[in-house]
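Read off the chains here:
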Amino acid sequence: QVQLVESGGGLVQAGGSLRLSCAASGRTFSSYVMGWFRQAPGKEREFVATISRYGGNTYYADFVKGRFTISRDNVKNTVYLQMNSLKPEDTAVYYCATRQGAMVITPSRMDYWGRGTLVTVSS
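Throughout what follows, the structure given in this document is the object of discussion. (Residues numbered from 1 in each chain as written. Predicted model: local features only at pLDDT ≥ 70, side-chain atom pairs only at ≥ 80, totals over all residues. Heavy atoms only, no water.)

## With respect to the overall build of the chain
No. 1: Of regular secondary structure, the chain possesses zero helices and 11 strands.
No. 2: When the elements of the chain are put in sequence order from the N terminus, they spell out β-β-β-β-β-β-β-β-β-β-β.
No. 3: Dimensions along the principal axes, computed over C-alpha positions, put the chain at roughly 40 × 25 × 25 Å.
No. 4: Looking at the chain residue by residue over its 123 residues, the buried ones come to 43%.
No. 5: Taken as a whole, the chain presents about 6500 Å² of accessible surface, with 46% of it coming from carbon and sulfur.
No. 6: Both charge centroids of the chain, one from 14 positive and one from 8 negative side chains, sit 6 Å from each other. (Helix = DSSP H or I, 4+ residues; strand = E, 2+ residues; numbered from the N terminus. Buried < 20%, exposed > 50% of the residue type's maximum accessible area, 1.4 Å probe, protein only. Areas by Shrake-Rupley, 256 points an atom, 1.4 Å probe, with all protein chains shown as cover. Lys, Arg positive; Asp, Glu negative; His and termini not counted. Charge placed at Lys NZ, Arg CZ, Asp CG, Glu CD.)

What follows is the structure, given as structure tokens:
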């Protein structure tokens, strides 16, 4: 069982930045690939970014490429999402998720989820 707790959300103006964090329980953090997903009101949950077990590989949704950066610290059992040049359309609840095995972008294939943190970008 893995427990995930996100933090760092909030209200920011368009063009601003936020850094989300996701702290994971357990001693085997490096056994898991990590991902960030988001869900805007009235929309389905969608993939944002994912990172391999030791951080050597990352993959992003097209709409965040060049603006968001995912990283992880396996000593602190934490994954981060640095979000720059935020847009109003980035407004959503952002979720951290994890699984063992290959990196995937499909929400239904993730095994554990946090409760999410709300990001609101004002115009």
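## What about the pattern of salt bridges?
No. 1: Scanning the entire structure with this criterion turns up four salt bridges.
No. 2: The salt bridge partner of Arg38 is Glu46, with a shortest N-O separation of 2.8 Å.
No. 3: Classification of Arg38 as buried rests on a relative accessible area of 7%.
No. 4: For the salt bridge of Asp90 with Arg67, the shortest nitrogen-to-oxygen distance reads 2.7 Å. With Asp90 in the loop between strand E8 (78-83) and strand E9 (92-99) and Arg67 in the loop between strand E6 (58-60) and strand E7 (68-73), this residue pair connects regions lying 23 residues apart in the sequence. Both residues of the pair, Asp90 and Arg67, count as buried.
No. 5: In the salt-bridge network here, residues are joined through shared partners; they are Arg38, Glu46, Arg67 and Asp90. (Salt bridge = Lys/Arg side-chain N within 4 Å of Asp/Glu carboxyl O.)

## Thoughts on the pairing of strand E4 (residues 33-39)
No. 1: Burial of E4 is extensive: six of the seven residues sit out of reach of the surface.
No. 2: The sheet contact formed by E4 and E9 spans seven bridges and is antiparallel. Bridge pairing in E9 places Met34 opposite Thr98.
No. 3: The turn linking E4 back onto strand E5 (residues 46-51) is made up of six residues, and Gly42 within it adopts a positive phi angle of 75°. (Pairing = 2+ DSSP bridges.)

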